[in-house]
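# Remarks on the overall topology
Each chain, letter by letter, is given below.
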Amino acid sequence: MCGFVGYFGPVRDAGPLLEGMTAAVAHRGPDEQGYFVSAEAGLGHARLAVVGLGDGHQPMADETGSLTIAFNGEIFNYVELREDLRAKGRRFRTASDTEVVLQLYDEMGEDCLRLLNGDFAFALWDKRRRRMMLARDRMGEKPLYYGLQGGTLLFGSELKALRQHPAWQGEVDRDVLTLFLRHNYVPGPYSIYRGIAKLPPAHYL
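In this report, we go over the structure that sits alongside the text. (Residues numbered from 1 in each chain as written. Predicted model: local features only at pLDDT ≥ 70, side-chain atom pairs only at ≥ 80, totals over all residues. Heavy atoms only, no water.)

## Section: the sheet that holds strand β9 (residues 152-156)
Ordered by their spatial adjacency, six strands build an open sheet running β2-β3-β1-β9-β8-β10, and the pairing between neighbours is antiparallel. Edge strands, defined here as strands with exactly one partner in the open sheet, are β2 (32-37) and β10 (196-198). Strand-to-strand twist in this sheet, taken as the mean axis angle between neighbours without regard to direction, amounts to 10°. Where β2 and strand β3 (residues 41-47) come together, six bridges link them in antiparallel fashion. (Pairing = 2+ DSSP bridges. Helix = DSSP H or I, 4+ residues; strand = E, 2+ residues; numbered from the N terminus. Axes fitted to C-alpha atoms, helices over the stretch in contact; angles between N-to-C directions.)

And the structure:
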């Protein structure tokens, strides 16, 4: 179990901000915390090392620094995918499944999702296209919340991480509250907060 957080939009004091957001999900990844900050976007990651124990540091960037990913989960067929990519001339710096996702996206764009067999959620910052991509596995095993708050896209593995961002508004959605009282849980794709949703299984944004 790992956790990641992030935003898409300019902010002040991005470093301390990401540290605070990541600290809110640190229990999901006690082995290591990492951060990526640019002028337009930020990613934070709390890692539980499973695959690529010594070289899977996150957020992970490609060799050019154009692509950066924060990944939670496991890709079951990453060895086969890595060999296919090597056959196309791609070189790998790590033994992690995270780098496979990064390079597969570089090769195929969002079409890479159809080849991934695993349970995962990730955020990928594409500097060249100025695009933040969020994705979730087919069964929805790994959580991912997102929403616009004050013109900034916030996202993360848990709601409490989003609450650390200064753009957070935190208005309870009364219609969803009614659903909660009826079902004793909040059904997807809703969250208890207005403007914040769960990315559905088998979807990307």
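## Considering the environment of Gln-164
Of note, Gln-164 is situated in the loop between α4 (159-162) and α5 (174-183). Separated by 147 residues in sequence, Gln-164 and Leu-17 place their C-alpha atoms 7.5 Å apart. Here the side chain of Gln-164 touches Lys-160 through a polar contact of 3.4 Å, landing on its backbone oxygen. (Polar contact = N/O pair within 3.5 Å; in protein donor to acceptor, adjacent residues only side chain to side chain.)

## Comments concerning the side chain of Gln-58
In this fold, Gln-58 is placed in the loop between β3 and β4 (60-61). Look at Gln-58 and you get buried, because its relative accessible area is 7%. Polar contacts involving the side chain of Gln-58 include one to the side chain of His-45, which spans 3.4 Å. Among the polar contacts made by the side chain of Gln-58, one reaches the main-chain amide nitrogen of Phe-71 at a distance of 2.5 Å. Residues in contact with Gln-58, not counting those within four places in the same chain, are Gly-34, Tyr-35, His-45, Ile-69, Ala-70, Phe-71 and Thr-98. (Buried < 20%, exposed > 50% of the residue type's maximum accessible area, 1.4 Å probe, protein only. Contact = heavy atoms within 4.5 Å.)

## Notes on the packing of helix α2 (residues 78-87) against helix α3 (residues 97-108)
One way to put it is that α2 packs onto α3 with a least axis distance of 10 Å and a crossing angle of 45°. With respect to their mutual orientation, α2 and α3 come out oblique. Between α2 and α3 lies a crossing whose hand is left-handed. Facing α2, whose interface residues are Tyr-78, Leu-81, Arg-82 and Leu-85, α3 presents Asp-97, Val-100, Gln-103, Leu-104 and Glu-107. Tallied by class, the residues present in the contact of α2 with α3 amount to five nonpolar, one polar and three charged. (Parallel < 35°, antiparallel > 145°, perpendicular 65-115°, else oblique. Left-handed = near helix turned anticlockwise from the far one by under 90°. Nonpolar A, V, L, I, M, F, W, Y, C, P; charged D, E, K, R; others polar.)

## Things to note about a nonpolar patch on the surface
A cluster of nonpolar side chains, namely Val-172, Leu-177, Phe-180 and Leu-181, defines an oily patch on the protein surface of about 340 Å² accessible area. For Leu-177, the location among the structural elements is in helix α5. (Patch = residues over 30% accessible without salt bridge, like charges linked within 9 Å, V, L, I, M, F, W, Y side chains within 5 Å. Areas by Shrake-Rupley, 256 points an atom, 1.4 Å probe, with all protein chains shown as cover. Salt bridge = Lys/Arg side-chain N within 4 Å of Asp/Glu carboxyl O.)

## With respect to the pairing of strand β8 (residues 145-149)
Along β8, the buried face is formed by Tyr-145, Gly-147 and Gln-149; none of Tyr-146 and Leu-148, which line the opposite face, is buried. With five bridges connecting them, β8 and β9 associate as antiparallel partners. Bridge assignment links Gln-149 to a residue of β9, and that residue is Thr-152. In textbook terms, the turn of a hairpin is the stretch between consecutive antiparallel strands, and for β8 and β9 this stretch comprises two residues, one of which, Gly-150, has a positive phi near 60°.

## Comments concerning the pairing of β9
Within a regular beta strand, the side chains point alternately toward one face of the sheet and then the other, so they alternate between its two faces. Here β9 lies mainly inside the structure; five of its five residues are buried. In this structure, strand β1 (residues 3-8) lies alongside β9, joined through four bridges in antiparallel fashion. Its bridge partner being in β9, Phe-8 is matched across the sheet by Leu-153.

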